[in-house]
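Spelled out from the first residue to the last, the chains are:
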Amino acid sequence: MNRHKSLWLLGLGLLIAGGWQAVGSSQEEPFRLKVALYPWVPDAASLVEWIEADFESKNPDIDLVVRSPEQSNVVDLAYDYDETAAALIGNGPDSQHLVEVDTVILDRLIAAGAVQPFQVGGSVSFLPAALEAVTWEGTVYGVPHWTCGYFVISRMQGVRQAGTVAELLSALEAAGTNAVDLVGDLDGSWNSIVVYLDAFRDTYPGESMLDALAADELESTVRDGLARVGHACTVAGRNYCGGEGDDDEYVEMFAQGDADALIGYSERLHPILDEGGGAQGNLYVASATLGQGDQPMLFTDALVLSQNCSTDRCRDAASEFAAYYVSDEVFEVVLMSLDVGESAVPRYLLPSTTSAFGFGKVGSDPLYRQLWQEVDGAVSTPNRGIPEARDAGVIRADLKQALGLE
């Protein structure tokens, strides 16, 4: 080969190699996005593993780091507003860019200066209650993801026709079984507040829930209805509305036929079916009618964005994840437990978007069709005032007495 030609080819090779090296060295490392998801979901570890791998496969420029469910359960950032604010404001190893919180603590996070306005663009259609939950004085501070509320789960279709607490309890009494009529953990520092508000709205849909939160005692008509619930939870001297028991015990009771109905969140359907407590077509779900009417109320878990996420790259990565997280395709996988396996029991969590209820396998699931009918038209739990009512403890103490737990 001609010497000049050889040198020319060698130079071209070095130029190409150098160009490749230059391009490679100029590429940025993937942005490390730290996210704490809502931990109280069935098969949470599987969800985290799947979502990290799937999101990164679609967004190779982002290194998604999801806080492990085990770590989340030590300090529950969904509800511990002081720790959550610290995680959103801080820059240490435990800091987070995005945290999925229950919006009952949104007021505390805004007051602490921990979060900034945050929403996804496009044509996402959120449930009105979910949008209400993330809006503060006209500004949107989060991307809704899960919604949640109190439901009655039963093998009796009559629960779906009940329009008042009296009608609900009459339907359960008509079963004529030896089982306890109703079980469910209604006694918790957060649960008690929401149970009361649910019953208050059922009875007084036009009245202010914030005023109800600030009162020194339960409203008398609502209290009487909740006392009837406590009576339905009691058999042989033991009360199954809370106190000594917990959700796992009550789910097992219902699954084994020792209770006619279970009151609780929609995701309780997952362990019921997982334990062989019936087939999907043999179960009926209705919004909990705890007062003199049936006015569904939902609370919302939403992604909130750290005030420290100030660069374009951070905000863009957060927006990419939020849009992915509320997409119909991702909801289908998570709701139907497809990350666990094709034959796995659905999680029966409630999505924040209207479209997810009708998408793919979710849309053909008989229980999800019932749940959609029950949440359509629901309003939001207040995103202010609940931490103060919880810390005061007045509502919980009075509710325990009304339910007969002390």
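Everything below is about the structure shown above.
About the criteria used
Residues numbered from 1 in each chain as written. Predicted model: local features only at pLDDT ≥ 70, side-chain atom pairs only at ≥ 80, totals over all residues. Heavy atoms only, no water. Helix = DSSP H or I, 4+ residues; strand = E, 2+ residues; numbered from the N terminus. Contact = heavy atoms within 4.5 Å. Areas by Shrake-Rupley, 256 points an atom, 1.4 Å probe, with all protein chains shown as cover. Lys, Arg positive; Asp, Glu negative; His and termini not counted. Charge placed at Lys NZ, Arg CZ, Asp CG, Glu CD. Expected span 1.5 Å × (residues − 1). Buried < 20%, exposed > 50% of the residue type's maximum accessible area, 1.4 Å probe, protein only. Arc of directions from axis to C-beta. Disulfide = S-S within 2.5 Å. Pairing = 2+ DSSP bridges. Axes fitted to C-alpha atoms, helices over the stretch in contact; angles between N-to-C directions.

This part is about the overall build of the protein chain. Helix and strand counts for the protein chain come out as 18 helices and 16 strands. Seen through its principal axes, the protein chain has C-alpha atoms that stretch 100 × 45 × 35 Å. If you take every contact in the protein chain between residues at least 6 apart in sequence, the share linking residues at least 24 apart comes to 75%. About 17300 Å² of surface is accessible on the protein chain, with carbon and sulfur atoms providing 49% of the total. Averaged over its 23 positive side-chain charges, the protein chain has a centre that lies 7 Å from the centre of its 61 negative ones.

What sets the pattern is the α-helix's 3.6 residues per turn: residues three or four places apart point alike. Helix length check: helix H10 (residues 220-232) (13 residues) gives 19 Å between terminal C-alpha atoms against 18 Å at 1.5 Å per residue, within 8%. Within H10, the full set of buried residues consists of Val222, Gly225, Leu226, Val229, Gly230 and Ala232. Buried residues of H10, viewed axially, fall in a sector of 160°; they line one side. Relative to its buried face, H10 has exposed residues pointing more than 90 degrees away, namely Asp224 and His231. Turning to H10, the residues buried within the fold contact helix H7 (165-173), strand S9 (180-183), helix H8 (191-203), strand S10 (234-235), strand S11 (238-239) and helix H18 (394-403).

Within the secondary structure, Leu283 is located in the loop between helix H12 (269-274) and strand S13 (284-287). For Leu283 and Ser154, which are 129 residues apart along the polypeptide, the C-alpha to C-alpha distance reads 5.8 Å.

A separate point is the state of the cysteines. Scanning the model with the defined rule gives two disulfides in all. The disulfide that involves Cys233 links it to Cys241, with 2.1 Å between the sulfurs. Classification of the bridge connecting Cys233 and Cys241 rests on its S-S torsion, roughly 80°, and on that basis the disulfide is right-handed. Each member of the pair, Cys233 as well as Cys241, carries the same accessibility label: buried. Indicated for the protein chain is the disulfide connectivity 1-2, 3-4, based on numbering the bonded cysteines in sequence order.

Bringing the pairing of strand S8 (residues 151-154) into the picture now. The side-chain alternation of S8 yields two buried faces, one formed by Phe151 and Ile153 and the other by Val152 and Ser154. The sheet contact formed by S8 and S13 spans four bridges and is antiparallel. Bridging from a neighbouring strand, Phe151 pairs with Ser287 of S13.

As a further point, take the sheet that holds S13. Here four strands make up an open sheet; going across it, the order is S9-S12-S8-S13 and the pairing mixed. Lying at the two open borders of the sheet, with one neighbouring strand each, are S9 and S13. Pairwise comparison of adjacent strand axes, ignoring direction, gives a mean angle of 20° for this sheet. For S8 and strand S12 (residues 259-264), the ladder comprises four bridges, and the chain directions are antiparallel. Each bridged residue has a counterpart across the sheet, and for Phe151 the counterpart in S12 is Gly264. On top of the sheet, helix H16 (residues 366-375) reaches S8 and S13; it is set at about 15° to S13, its chief contact.

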